[in-house]
Amino acid sequence: MKRTLGGLLVFVTMITVLLGMLQVLNWIPAAVQEGAFRKYPSIDEVRAHLKIDPVYTPVYYPRSVQWPPALVAAQTSPYTAVLTEFMKSDDRNETVLIITQTARSHPPLALRIRLTEVRETVQYPFKGRVAVLEVGVCRKEEQCSRMTWDEGTFRLSLVMRSSPVELVRIAESMVAQQPGR
């Protein structure tokens with residue numbers, strides 16, 4: 001009985017040491033690559049962890065968009081970027097809205113929603129800014145819209161599987177009216 005108990009104690013000790021080593025190995029890349037692109041549980045975590053301020057988020061979401069975001073990812077190295085993806089409210093497996101915020105001199109991050117054909121591009125003035133609004137199609141001839149503009153030191157880009165009307169409403173809810181406008 002003593003022999004069995006001793007073997008069990010050695011086994012438990014080895015498992016504990018192994019789990020501790022795995023935790024350390026998991027921690028090392030995050031510590032070495034501080035600011036590298038990774039997922040976060042929420043937008044508040046991005047603000048707290050990476051000290052990115054502001055992180056632009058809409059106040060208005062159409063009923064077709066599910067809150068909270070299904071994916072929040074960010075980085076500060078090699079440049080600042082935040083990516084949020086939202087699912088369709090009636091289909092948790094379909095991304096319907098993507099918002100990217102990148103340092104102004106860098107393009108948006110690679111996205112799951114891509115306009116396969118741009119049918120119209122216009123300069124769209126809103127709230128004292130001028131955005132580029134593109135309307136076209138995504139996969140399966142589905143209507144998609146993209147809106148891009150500069151906000152402070154960031155470039156914001158919204159891509160949505162919908163008409164441009166909803167996308168403009170979302171974009172307008174993300175920014176405040178500039179004074180004197």
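Residues numbered from 1 in each chain as written. Predicted model: local features only at pLDDT ≥ 70, side-chain atom pairs only at ≥ 80, totals over all residues. Heavy atoms only, no water.

Draft legend 1. Focus on the packing of aromatic side chains. Counted according to the given criterion, the structure contains six aromatic pairs. Residues tyrosine 56 and phenylalanine 154 carry aromatic rings whose centres are separated by 6.5 Å and whose planes lie at 75 degrees to one another, so their mutual orientation is edge-to-face. Of this pair, tyrosine 56 sits in the loop between helix H2 (43-50) and strand E2 (71-75) while phenylalanine 154 sits in strand E8 (residues 154-160); the two residues are 98 residues apart in sequence, bridging distant segments of the chain. We note that tyrosine 56, like phenylalanine 154, is buried. Their ring planes at 25 degrees and their centres at 6.1 Å tell us that tryptophan 67 and phenylalanine 86 sit as a pair that is stacked. You can see tryptophan 67 sitting in the loop between H2 and E2 and its partner phenylalanine 86 sitting in strand E3 (residues 81-88), a full 19 residues away along the chain. Looking at phenylalanine 86, the relative accessible area reads 1%, which means it is buried. (Phe/Tyr/Trp six-rings, centres within 6.5 Å; stacked < 30°, edge-to-face > 60°. Helix = DSSP H or I, 4+ residues; strand = E, 2+ residues; numbered from the N terminus. Buried < 20%, exposed > 50% of the residue type's maximum accessible area, 1.4 Å probe, protein only.)

Draft legend 2. Main features of the environment of leucine 111. Examined against the element boundaries, leucine 111 turns out to sit in the loop between strand E4 (91-103) and strand E5 (117-126). Accessibility expressed as a relative area gives 14% for leucine 111, which makes it buried. As a C-alpha pair, leucine 111 and isoleucine 99 span 12 residues in sequence and 9.2 Å in three-dimensional space. With residues near it in sequence (within four places) discarded, leucine 111 still touches Leu83, Ile98, Thr100 and Val159. (Contact = heavy atoms within 4.5 Å.)

Draft legend 3. Representation of the side chain of glutamate 151 in the model. Positionally, glutamate 151 belongs in strand E7 (residues 143-151). Classification of glutamate 151 by relative accessible area gives buried; the value is 10%. Separated by 3.0 Å, the side chains of glutamate 151 and tryptophan 149 make a polar contact. In this structure glutamate 151 touches Tyr56, Arg104, Arg129, Leu156 and Val175, once residues within four positions along its chain are discounted. (Polar contact = N/O pair within 3.5 Å; in protein donor to acceptor, adjacent residues only side chain to side chain.)

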